[in-house]
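Geometric and topological summary
Chain residues, written in single-letter form:
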Amino acid sequence: MANLFFRLKGTVITKIWWQVILYTIYTTGIVAFHFYVQKLKFEQTLISLLGIVLGLLLGFRSSTAYERYSEGRRLWTTVTTSIRQFTRLIWVSVKENGAKDLVEKKSAVNLAVAFAFATKHYLRREFSYDYEDLKVLLGGAPKFSGSPSGKKMPEIKDHLVVAYDINTPSNIPLEIAYHLSAYVKAVTANGTLDSGMVLLVNGAVGSLTDTLGNFEKILRTPIPLSYAAHLYHILGIYLLSLPFQLVNTLEWYAIPCLAFTGFCLLGILQIGWEIENPFGYDDNDLPLDDYCWTIRHEVEQITSTKFKEPEEWIMTMENQPLVPYCKENAIDLSNTTLEDLLNKLKEAGALSMTKHKTRKEWEREQKKKKKI
């Protein structure tokens, strides 16, 4: 906690400090005018009403911003799950009649991983095929459009008025989804993928496409201009009016009080802007690079070896299915009669009911042992 208290990187202090200083200077002028020129007396009704309205607006603003942040994280979980699902189904279900089939399987799995990296760049308005983390995974996949220069599109700085209504030079994640569907169609046609698995594999690809659309919904749906502007107006009026209320009661202490209040309110507002689009490079954005590389490492580990048939690892000396109630291995158990095996399963079930005690029962048993 102490580290967080003294931390500056990633906080909103670096964004709002100049506003806090301006409001503090303004308050200092009001307090000086009150003491050296003319006493100021104002009713507190307006300030109280503004405080209530401002609290409601800031609360709503913060909750909607965090909903977008949380939704972005949830969607990345869906991407991860869908890629894992696609990889599992392709790696296990597609038959290998030769090296060519294995190369095609690995290439398809690489394309699925490339979807994550392509989505990351797409959400950051980076539309090139030539990024190192993406290019190596795309392989020879055909491009639907000419490759852009690789430079990032100009940043949209005025997030209050622009609805991100732009024509993207390429939608690489969508292109990858088309290539994955084409691969599924090909392996279904040549018989290396059973028709019963096609629906599941296409479901994983469809989930990736749906998730891309939901990402775009977050990226291209800004906070309405009227709401954002109104919130800024009320906050400004409140901070400009607050010194007139504080000066009579707090006198010179109104200056640090206003500075602290401004820091709190402006900070809450800035946090909303920081997290409403969580796909960039800021410290408060989602760690998309980590998510993508985690997916890639997982998939590469899985595809580094050919999966074993169940007979190869079930019927071994190391496998003891009834442990800890019976230490016979799978080979010995398979050589018994079915009736004997059922009896052993029944005995294991009965023993499990007696050996699994509740915590209170275990504590009472330990106390009895200590007395003895």
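This text follows the structure it describes.
All of the points below concern the structure found in this document.

Calculation notes
- By convention here, each chain's residues receive numbers from 1 onward along its written sequence.
- Reporting in this predicted model follows two pLDDT cut-offs: at least 70 for local features of residues, and 80 or more for side-chain atom pairs to be given and counted; totals over whole chains, interfaces and linings ignore these cut-offs and use all residues.
- Excluded from the side-chain calculation are hydrogens and water; included are all heavy atoms of the structure.
- Working definition: helices are DSSP H or I runs of at least four residues, strands are E runs of at least two. Numbering for both runs from the N terminus.
- Here's how the labels work: a residue is buried when its accessible area is under 20% of the maximum for its type, exposed when over 50%, partly exposed in between, all with a 1.4 Å probe on protein chains only.
- By definition, residues are in contact when any of their heavy atoms lie within 4.5 Å.
- Should a side-chain nitrogen of Lys or Arg be within 4 Å of a carboxyl oxygen of Asp or Glu, the pair is scored as a salt bridge.
- To obtain an axis, a line is fitted to C-alpha atoms, over the contacting stretch when the element is a helix, and the angle between two such axes runs from 0 to 180 degrees between their N-to-C directions.
- Throughout this description, any angle smaller than 35 degrees is read as roughly parallel, any larger than 145 degrees as roughly antiparallel, any in the 65 to 115 degree range as roughly perpendicular, and the remainder as oblique.
- The crossing is said to be left-handed when, going from far helix to near helix, the turn is anticlockwise and less than a right angle, and right-handed when the turn is clockwise.
- Ten residue types, Ala, Val, Leu, Ile, Met, Phe, Trp, Tyr, Cys and Pro, are classed as nonpolar, four, Asp, Glu, Lys and Arg, as charged, and the remainder, Gly among them, as polar.

1. What to know about the overall build of the protein
Of regular secondary structure, the protein possesses 14 helices and zero strands. A buried classification covers 37% of the 372 residues belonging to the protein. Here the contacts in the protein between residues at least 6 apart in sequence split such that 74% fall between residues at least 24 apart.

2. Some thoughts on the pattern of salt bridges
Within the structure shown, the criterion is met by twelve salt bridges. Of the charged contacts, one joins Arg61 and Glu276 as a salt bridge, the two residues approaching to 3.2 Å between their closest N and O atoms. Note that Arg61 is positioned in helix 3 (residues 45-93) and Glu276 in the loop between helix 9 (254-275) and helix 10 (288-302), a separation of 215 residues in sequence. On the basis of relative accessible area, Glu276 is assigned to the buried category, the value being 5%. Of the charged contacts in the structure, one is a salt bridge between Arg296 and Glu300, with a shortest N-O distance of 2.9 Å. Of this pair, Arg296 and Glu300 are both found in helix 10, four residues apart, which corresponds to roughly one turn of the helix. For Arg296, a relative accessible area of 15% gives the class buried. By relative accessible area, Glu300 is classed as partly exposed at 34%. Salt bridges sharing partners connect three or more residues here, namely Lys120, Arg124, Asp133 and Asp289.

3. What about the packing of helix 4 (residues 99-123) against helix 7 (residues 195-219)?
The interhelical angle for the contact between helix 4 and helix 7, taken along N-to-C directions, is 15°, at an axis separation of 11 Å. With respect to helix 7, the element helix 4 is oriented roughly parallel. In the packing of helix 4 onto helix 7, the handedness of the crossing is right-handed. Contact residues: Phe115, Thr119, Tyr122 and Leu123 in helix 4; Leu208, Leu212, Phe215, Glu216 and Leu219 in helix 7. Along the lines of polarity and charge, the residues of the contact of helix 4 with helix 7 split into seven nonpolar, one polar and one charged.

4. Examining unusual backbone geometry
For Arg125, which is not glycine, the phi torsion reads 60° and is therefore positive. One non-glycine residue with positive phi stands out, namely Glu251, at about 55°. Its place among the elements puts Glu251 in the loop between helix 8 (225-250) and helix 9. In this structure Glu251 comes out as partly exposed when scored by relative accessible area, which is 41%.

5. Let's talk about the side chain of His121
Mapped onto the elements, His121 comes out in helix 4. Residue His121 is classed as buried on the basis of its relative accessible area of 6%. When sequence neighbours within four positions are dropped, the list of residues in contact with His121 reads Glu126, Tyr131 and Asp133.

6. Here's the deal with the environment of Gln270
When you line up the elements, Gln270 lands in helix 9. On a C-alpha basis, the gap between Gln270 and Ile16 in space is 7.6 Å, while along the polypeptide they are 254 residues apart. Not counting the four nearest positions on each side in its chain, Gln270 is found in contact with Val12, Lys15 and Ile16.

Everything listed is a geometric property; what it means functionally is a separate question.
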